[in-house]
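A structural walkthrough
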Amino acid sequence: MWNLKRYGISLLGLLSLTCACSVGQEPPQTEALSWHTLNGEPPIIIAHRGASGYLPEHTLAAYALAIDMGADFIEPDLVITKDGELVVRHDRYLSDSTNVADHPQFADRKRVKVGHEGADWFVEDFTLAEIKTLRTKQVKAGRPTDFDGLYAIPTFDEVLELVTQRSEETGRRIGIYPETKQPAALEALGLSYDTALLDSLTKFGFDGDDDPVFIQSFEMENLRRLSQKTNIRLIYLFGQPLSLSLEEIARFADGIGPYKLLLIDDLGVPTGLVKEAHELDLPVHTWTFREDDVAPQFQGIAKDELIHFMDLGVDGLFSDFPDTAVKARGVSE
């Protein structure tokens, strides 16, 4: 059982957190003799929005906990402020994940925007200094709310600094897996999204195809653009059956990130997508695995679901509960 109270501290003290086990301890090692992944190695565990099953998502505390649980990569979703600073939120709007509604000085920022139902507050209408006055909260019903109001919204640079520090402390290089959130809309507002993203990654040494970094996006044109600007590996996300071929995807991306139920049918039988991707040398990173939202084929047993997909040969899995995913990897064959 993880002592979550150790993460309920001030942000000033967060970067000095010691590992919940012991500094430098390696994550549990798998005993599997072989894997059906593209490179024959165990699949990577990607902490989806950090250890978001336990703590408010996209906070330094959630990322730190995920690292301590043994995640190989952490995933920050990126949006950009009015003054051009990348911050981590799953959405451009703020009402669900922060206490912005409790700040009367921002009442006049609430507005209606194309693509969003109803009025809300949007990150791009705030400066970084204003964003830093907000505090985060749990977004999913049924998950702990004890830590609501404790954590600020971190910048992308703060996340990269945490990853760098924890890599040094643990002796294992922790990966970073940013997702570009609505980059086309933000670029249309005159915000240099791509530049900010690549500059930050380069500053912290994540700028080559050998570095533990992937950039993911649902926006095809964003990936096409980035493919001309960087050697970082790019992953095309999709949640519906593809309207283009894997061969076409391979022209602008280095791998695919399909929704997990696109990989199996209603009985759990593989659809063949993993095999087809591997034939084109495309890794498959699938999403999202949650203890409180298991696919119906697995009768609510999260470990069985994880092991099933690992046995399919997926190359990576996104999980809100990285500790569960790491343990499942340790027993999968």
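Numbering of residues begins from 1 in every chain and follows the order in which that chain's sequence is written. Confidence filtering applies because this is a predicted model: local features only for residues at pLDDT of at least 70, side-chain atom pairs given and counted only at 80 or more, and all residues used for totals across whole chains, interfaces and linings. With hydrogens and water excluded, all non-hydrogen atoms of the structure serve as input to the side-chain values.

Turning our eyes to something else, we now look at the pairing of strand β9 (residues 214-217). Burial status follows relative accessibility: with a 1.4 Å probe on protein chains alone, a residue under 20% of its type maximum counts as buried, one over 50% as exposed, and anything between as partly exposed. Strands here mean DSSP runs of E at least two residues long; helices mean DSSP runs of H or I at least four residues long; both are numbered from the N terminus. Of the two faces of β9, both are covered, the one formed by Phe214 and Gln216 as well as the one formed by Ile215 and Ser217. The handedness of the β9 to strand β10 (residues 233-238) crossover, carried by helix α7 (residues 220-227), is right-handed. Consider the strands pointing away from the viewer: the crossover is right-handed when the path from the first strand over the helix to the second runs clockwise.

Within this document, salt bridges are pairs made up of a side-chain nitrogen of Lys or Arg and a carboxyl oxygen of Asp or Glu, the two lying within 4 Å of each other. Going through the model one piece at a time under the given rule, you end up with 21 salt bridges. Put simply, Asp72 and Arg329 hold a salt bridge, and the shortest N to O gap is 2.7 Å. One end of the pair, Asp72, is in the loop between α2 (60-68) and β2 (73-75); the other, Arg329, is in helix α11 (residues 322-331), with 257 residues separating them in the sequence. For the residue pair Asp72 and Arg329, the accessibility class agrees, reading buried in each case.

Once that is clear, we can look at the packing of helix α10 (residues 302-312) against α11. As a rule, the C-alpha atoms of each element are fitted with a line to give its axis, helices using only the stretch in contact, and angles between N-to-C directions run from 0 to 180 degrees. Two elements in contact, α10 and α11, have axes separated by 9 Å at closest approach and are oriented at 55°. As judged from the angle between their axes, α10 and α11 are oblique. Of the two possible hands of crossing, α10 and α11 adopt the one that is right-handed. Of α11, the residues touching α10 (which contributes Ala302, Lys303, Leu306, Ile307 and Met310) are Thr324, Ala325, Ala328, Arg329 and Val331. A per-class count over the contact of α10 with α11 returns seven nonpolar, one polar and two charged. Here roughly perpendicular refers to angles of 65 to 115 degrees, roughly parallel to angles under 35, roughly antiparallel to angles over 145, and oblique to all remaining angles. Crossing handedness: left-handed means the near helix sits turned counterclockwise from the far one by under a right angle, and right-handed means the same turn made clockwise. Only heavy atoms matter for contacts: two residues are in contact if any of them lie within 4.5 Å across the pair. Three residue categories are used. Nonpolar comprises Ala, Val, Leu, Ile, Met, Phe, Trp, Tyr, Cys and Pro, charged comprises Asp, Glu, Lys and Arg, and polar comprises the others, including Gly.

The subject of this paragraph is empty space enclosed by the protein. The method works on a 1 Å grid over the protein atoms by themselves. A cavity is a set of points holding a 1.4 Å probe that cannot get out, a pocket is an open set with protein on both sides within 12 Å along at least five of seven lines, and residues with an atom within 4 Å of a point line them. Grid points are joined across faces, edges and corners, and a volume is the space filled by probe spheres set on the points. Inspection of the entire model under this criterion finds one cavity of 30 Å³ or more. Of the pockets and cavities examined, the largest cavity occupies roughly 30 Å³. As for the largest cavity, its lining consists of Phe289, Arg290, Glu291, Ala302, Glu305, Leu306, Ser319, Phe321 and Thr324. Ranked by the residues each element gives to the lining of the largest cavity, the list is headed by α10, at three residues. For the lining of the largest cavity, a count of residues per class yields four nonpolar, two polar and three charged.

Residue Trp287 is joined to Thr288 through a cis peptide bond whose omega torsion reads -20°. Assignment of secondary structure puts Thr288 in strand β12 (residues 285-289). The phi dihedral of Arg49 is positive, around 65°, even though this residue is not glycine. Among the secondary structure elements, Arg49 is positioned in the loop between β1 (44-48) and α2.

All right, on to the environment of Leu263 then. Secondary-structure assignment places Leu263 in the loop between β11 (255-258) and α9 (273-279). Sequence separation of Leu263 and Leu312 is 49 residues, and the distance between their C-alpha atoms is 8.6 Å. The contacts of Leu263, once residues within four sequence positions are left out, are Pro258, Val269, Pro270, Thr271, Leu273, Val274, Val284, Thr286, Phe309, Leu312 and Val314.

Moving on, we get to the sheet that holds β1. Judged by pairing direction, the sheet is parallel, and its five strands sit side by side in the order β7-β2-β1-β13-β12 without closing on themselves. Strand pairing shows two members of the sheet lacking a second neighbour, β7 (175-176) and β12, which therefore form its edges. Strand pairing follows a simple DSSP-based rule, namely that at least 2 bridges must link the two strands.

Relative to the elements of secondary structure, Tyr151 occurs in the loop between α3 (128-131) and α4 (156-170). You can call Tyr151 buried: its relative accessible area is 0%.

By volume, the second largest pocket amounts to about 260 Å³. Lining the second largest pocket are 21 residues, with His48, Arg49, Trp287, Thr288 and Arg290 sitting closest to its centre. Split into classes, the residues belonging to the lining of the second largest pocket amount to nine nonpolar, four polar and eight charged.

Once that is clear, we can look at the confidence of the model for the chain. Any residue range with low pLDDT should be treated as having predicted coordinates unsuitable for detailed reading. Confidence along the chain averages 92 in pLDDT terms, with 89% of residues attaining 70 or more. Confidence per residue, as judged by the predictor, is encoded in pLDDT with a range of 0 to 100. Scored below 50 in pLDDT, residues 9-32 shows 46 contacts in the model against residues more than four places distant or in partner chains.

Once that is clear, we can look at the packing of aromatic side chains. Centres within 6.5 Å are what make two rings of Phe, Tyr or Trp a pair, Trp counting through its six-membered ring; a difference in plane orientation under 30 degrees is then read as stacked, over 60 as edge-to-face, and the rest as tilted. Throughout the structure, instances matching the rule amount to twelve aromatic pairs. Between Tyr236 and Phe238, the ring centres sit 5.9 Å apart and the planes meet at 35°, which makes this aromatic pair tilted. On the basis of relative accessibility, which here comes to 9%, the residue Tyr236 falls in the buried class. Members of the aromatic cluster, joined through ring pairs, are Phe73, Tyr177, Phe214 and Phe318. For the cation-ring pair, Arg109 lies above Phe126, with the distance from its terminal atom to the ring centre recorded as 5.1 Å. We call a charge positioned over a ring when the NZ of a Lys or the CZ of an Arg lies within 6 Å of the ring centre and within 35 degrees of the ring normal. One Lys or Arg, Lys260, reaches over the ring of Phe289 and ends 4.8 Å from the middle of that ring.

Here we take up the side chain of Asp120. Mapped onto the elements, Asp120 comes out in strand β6 (residues 119-120). Buried charge without a salt bridge: Asp120, with Lys110 as the nearest opposite-charge side chain at an N-O distance of 7.0 Å. One polar contact links Asp120 to His116, side chain to side chain, over a distance of 3.4 Å. Residue contacts for Asp120: discarding those within four places in its chain leaves Tyr93, Leu94, Ser95, Arg109, Lys110 and Arg111. A residue counts as positive if it is Lys or Arg and as negative if it is Asp or Glu; His and the chain ends are not included. Between N or O atoms, a polar contact is any pair within 3.5 Å; within protein, one atom must be a potential hydrogen donor and the other a potential acceptor, and residues adjacent in sequence are included only when both atoms are from side chains.

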